[in-house]
Amino acid sequence: MKEYFQEQIWICVSHDFDFTRLLKGMLEQLGGSSTMLDIEAIKKSLQEKLQRKKFFLVLDDVWDTFPAAWEPF
């Protein structure tokens, strides 16, 4: 898998779906700082780290099937 994707991210979603926690976890796995509080700063940092890269994202243990909850993602 590492030969096909430059980045691999594995996040456990679980019952307590929290969009900010998921983004911070993704950023941590990419070697970034998760101490940012501003959601837009977190998104921008993720975008910079993943820009022009193939990445493999696993959202493990997803329980929330309410589509509106996933819209921001």
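Within each chain, residue numbers correspond to sequence positions counted from 1 in written order. In keeping with the model being predicted, local features are shown solely for residues with a pLDDT of at least 70 and side-chain atom pairs are shown and tallied solely at 80 or more, while totals for entire chains, interfaces and linings include all residues. Neither water nor hydrogens contribute to the side-chain values; these are computed over all heavy atoms in the structure.

A. The arrangement of the pairing of strand E1 (residues 7–14) in detail. Along E1, the buried face is formed by Glu7, Ile9, Ile11 and Val13; none of Gln8, Trp10, Cys12 and Ser14, which line the opposite face, is buried. Of the strand pairs in this sheet, E1 and strand E2 (residues 55–62) are connected by 7 bridges, and their pairing is parallel. The residue of E2 that forms the bridge with isoleucine 11 is leucine 59. Note on classification: 1.4 Å probe, protein chains only; a residue is buried when its accessible area is under 20% of the maximum for its type, exposed when over 50%, partly exposed between these limits. Only DSSP runs of H or I covering at least 4 residues are called helices, and only runs of E covering at least 2 are called strands; the numbering of each starts at the N terminus. A pair of strands is treated as paired once DSSP finds two or more bridges between them.

B. How the structure looks around the environment of glutamine 29. Along the chain, glutamine 29 turns up in helix H1 (residues 19–29). Assessed through its relative accessible area of 37%, glutamine 29 is described here as partly exposed. Excluding residues that lie within four positions of it along the chain, glutamine 29 makes contacts with Gln8, Ile9, Trp10 and Ile11. By definition in these notes, contact holds between two residues if any of their heavy atoms fall within 4.5 Å.

C. Structural detail: the packing of aromatic side chains. Two rings belonging to Phe, Tyr or Trp (six-membered ring only in the last case) form a pair when the distance between their centres is within 6.5 Å. Interplanar angles under 30 degrees mark stacking, angles over 60 mark edge-to-face geometry, and anything in between is tilted. On inspection of all chains with the given rule, the structure shows 1 aromatic pair. Look at phenylalanine 5 and phenylalanine 56: their rings are 5.3 Å apart centre to centre, the planes differ by 45°, and that puts the pair in the tilted class. Taken together, the positions of phenylalanine 5 in the segment before E1 and phenylalanine 56 in strand E2 put the pair 51 residues apart, joining distant regions of the chain. Overall, the relative accessible area of 25% leaves phenylalanine 5 in the partly exposed class. The exposure class of phenylalanine 56 is partly exposed, given its relative accessible area of 30%.

D. Up close: the packing of H1 against helix H2 (residues 39–50). As a packed pair, H1 and H2 sit with axes 10 Å apart at the nearest point and diverge in direction by 35°. With respect to the hand of their crossing, H1 and H2 are arranged in left-handed fashion. On H2, the residues that touch Phe19, Thr20, Leu23, Lys24, Met26 and Leu27 of H1 are Ile39, Ile42, Lys43, Ser45, Leu46 and Lys49. Throughout, the ten residues Ala, Val, Leu, Ile, Met, Phe, Trp, Tyr, Cys and Pro are labelled nonpolar, Asp, Glu, Lys and Arg are labelled charged, and all others, Gly among them, are labelled polar. Of the residues contributing to the contact of H1 with H2, the split by class is 7 nonpolar, 2 polar and 3 charged. Only the stretch in contact is used when fitting a helix axis, every axis being a line fitted to C-alpha atoms; angles between N-to-C directions are given from 0 to 180 degrees. For any helix crossing, the convention is left-handed if the near helix is rotated counterclockwise from the far helix by under a right angle, and right-handed if that rotation is clockwise.

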